[in-house]
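Architecture at a glance
Letter by letter, the chains look like this.
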Amino acid sequence: MNYQKPKGTADILPSEIAGWDYIETVAKKELAKYGFKEIRTPLFESFDLFSRGVGESSDIVSKEMYDFRDKGNRHLALRPEGTASVVRAYVENKLYAPEIIKPVKLFYKGPMFRYERPQSGRMRQFHQLGVEVFGSKNPATDVETIALAFKLFNSLGLKELKLLVNSLGDSQARVVYRQALIEYLEPFKEELSKDSQIRLYKNPLRVLDSKDKIDKEIVKNAPSILNYLSEDSKRHFSEVQKMLEALNIPYEIDTTMVRGLDYYSDTIFEILTTSKNFGSNTTICAGGRYDGLVEEMGGPETPGFGFAFGLERLLLIMKKEEITIPSEKVLDVYVVGIGEETNLETLKIVEALRANDLNAERDFLFRKPKAQFKTADKSNARLVITIGSSELAEKKARIKNMKTGGEQSISLDEIYSPSFKNIFNLLTSD
Ligand code: HAM
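About the cut-offs
- Residues numbered from 1 in each chain as written.
- Predicted model: local features only at pLDDT ≥ 70, side-chain atom pairs only at ≥ 80, totals over all residues.
- Heavy atoms only, no water.
- Near = heavy atom within 4 Å.
- Polar contact = N/O pair within 3.5 Å; in protein donor to acceptor, adjacent residues only side chain to side chain.
- Areas by Shrake-Rupley, 256 points an atom, 1.4 Å probe, with all protein chains shown as cover.
- Helix = DSSP H or I, 4+ residues; strand = E, 2+ residues; numbered from the N terminus.
- Nonpolar A, V, L, I, M, F, W, Y, C, P; charged D, E, K, R; others polar.
- Axes fitted to C-alpha atoms, helices over the stretch in contact; angles between N-to-C directions.
- Parallel < 35°, antiparallel > 145°, perpendicular 65-115°, else oblique.
- Contact = heavy atoms within 4.5 Å.
- Pairing = 2+ DSSP bridges.
- 1 Å grid on protein atoms, 1.4 Å probe; cavity = no way out; pocket = protein on both sides within 12 Å on 5 of 7 lines; lining within 4 Å.
- Points joined across faces, edges and corners; volume = space filled by probe spheres on them.

Some details on the site of the ligand
Around the ligand, a shell composed of 26 residues is seen, among which Glu81, Glu116, Glu132, Arg259 and Tyr264 lie nearest. Between the ligand and Glu116, the relevant distance is 2.6 Å, taken from a nitrogen atom to a side-chain nitrogen or oxygen of the residue. Phe307 is positioned with one of its backbone polar atoms (N or O) 3.3 Å from a nitrogen atom of the ligand. Compared with its free state, where it exposes 660 Å², the ligand has 96% of that area covered by protein. At the level of elements, strand 6 (125-134), strand 10 (282-289) and strand 11 (304-310) are the ones that each hand at least two residues to the shell around the ligand. If you tally residues by element for the shell around the ligand, the top one is strand 10, at 5 residues. Tallied by class, residues from the shell around the ligand come to 12 nonpolar, 7 polar and 7 charged.

Okay, structure coming up:
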């Protein structure tokens, strides 16, 4: 029987881990500067959390959820995104308590699950790194959070980025706008794509970001949500724009951008790559404000703002852009043992080196010295310690700097001494 991984999933192989680690390291450094703390929530939650939080009519809930009943007949779902879970955790753990400094800034990373049609950069199990900020309605929160995303991608070496922003206003504005949009779209009903025809009455805002060519033409002249915003929402959006300009973050307003999750209000944004190497305008990062969600989930009235980006997508773009990922830590010492009689001493040497905080590896297959040196070379070993039967008898070994080729004799006592770390540093200091 040959088993294969489920469609839309991937094995992340050891050779690929350096890229994942690199993104995480760079991200954690930026997140720390902004005061974000990590939160980890379960991979599955109650189905209702997502249907209520993300929205029943969203594609994510209506078509893409991995939901199931457990043996206790609870209706559960693998998380399709992180925001609803983090909001649930914020409420359940009372992170809104007065003694906790506001805004509360949280980040998370991990796998998400959506039953989508797999293609390059679209998977059924994918990984997101996301942030959520609770307790600030200040547009400066929107802008510093967008700035964080931008800086993060810049630090990773991505240059060709485009920031799109829009405002969805408050729920009242959306009700009025929704009606205006239906009235505009109705005369085109027969020409709209099948998906958009279904969405026309259920979720007409989603017709705006349809990828269908004819739909796109039709929505070109649709009324703009920006004309339906309340005075507060208008002021908020104009502040966001002013602050982006003050920080020299270039942006475009895209009034057809609505996002596929129902919890958003006011500012929403996407960061796309415009690189020609990658299918033009692929979204790497998306998010926005969700001022009603905490209350909807049973918490006190609390504004929220956040974003998430897909790690697989980011890695694909970095690969296409030929961004070099710093290689894994090299091997400190490779121990070449010549002859079976050195087996025990070689074992003792690698163990002593590891106890001395060095990465050490050896041969286990009794291969010829030449083959062992080849492995040392391939593993980027900095030093090679060689021991054969005559060295063993003299309680000595040879030690070679692989970069300079310089070789000398060393006593086993020195190798086993804690001060070997100093010898290592001295020999590799060039
Ligand atoms: P989202 O737009 O659904 O937003 O996903 C955010 C990012 O996750 C996308 O831009 C993309 O990079 C990645 N992504 C989504 N689906 C897939 C997939 N099937 N395969 C690979 N990558 C994917 C959210 O999830 C919101 N929770 C973001 C947010 C946080 N809003 C406020 N706070």
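Here the narrative resumes, following the displayed structure.
Description of the packing of helix 1 (residues 14-33) against helix 12 (residues 311-320)
Working note: a packed helix pair is described by the angle between its axes plus the distance between those axes. Close contact between helix 1 and helix 12 brings their axes to 11 Å; oriented N to C, the two are set at 110°. Taken together, the axes of helix 1 and helix 12 are roughly perpendicular relative to one another. Two secondary-structure elements touch here, helix 1 through Gly19, Trp20, Tyr22 and Ile23 and helix 12 through Leu311, Glu312, Leu314, Leu315 and Met318. Grouping the amino acids of the contact of helix 1 with helix 12 by side-chain chemistry returns 7 nonpolar, 1 polar and 1 charged.

Considering the sheet that holds strand 12 (residues 333-337)
Spatially, the 5 strands line up as an open sheet ordered 13-12-14-15-16, and their pairing is mixed. The open sheet has two edge strands, strand 13 (360-362) and strand 16 (407-411), and neither has a second partner. Strand-to-strand twist of the sheet, defined as the mean angle between neighbouring strand axes without regard to direction, takes the value 25°. In the sheet, strand 12 pairs with strand 14 (residues 383-387) via 5 bridges, with the strands oriented parallel. Each bridged residue has a counterpart across the sheet, and for Val335 the counterpart in strand 14 is Ile385. Seen against the sheet, helix 13 (residues 343-355) touches strand 12, strand 13 and strand 14 and runs at an angle of roughly 165° to strand 13. Strands strand 12, strand 14 and strand 15 (396-401) of the sheet are contacted by helix 14 (residues 369-378), whose axis makes an angle of about 170° with strand 12.

Notes on empty space enclosed by the protein
The gaps of empty space that remain are located by a probe, the size of a water molecule, rolled over the atoms. According to the stated counting rule, one finds 1 cavity of 30 Å³ or more in the structure shown. In terms of lining, the largest cavity is formed by Gly337, Gly339, Thr342, Asn343, Thr346, Arg362, Asp363, Phe366 and Gln372.

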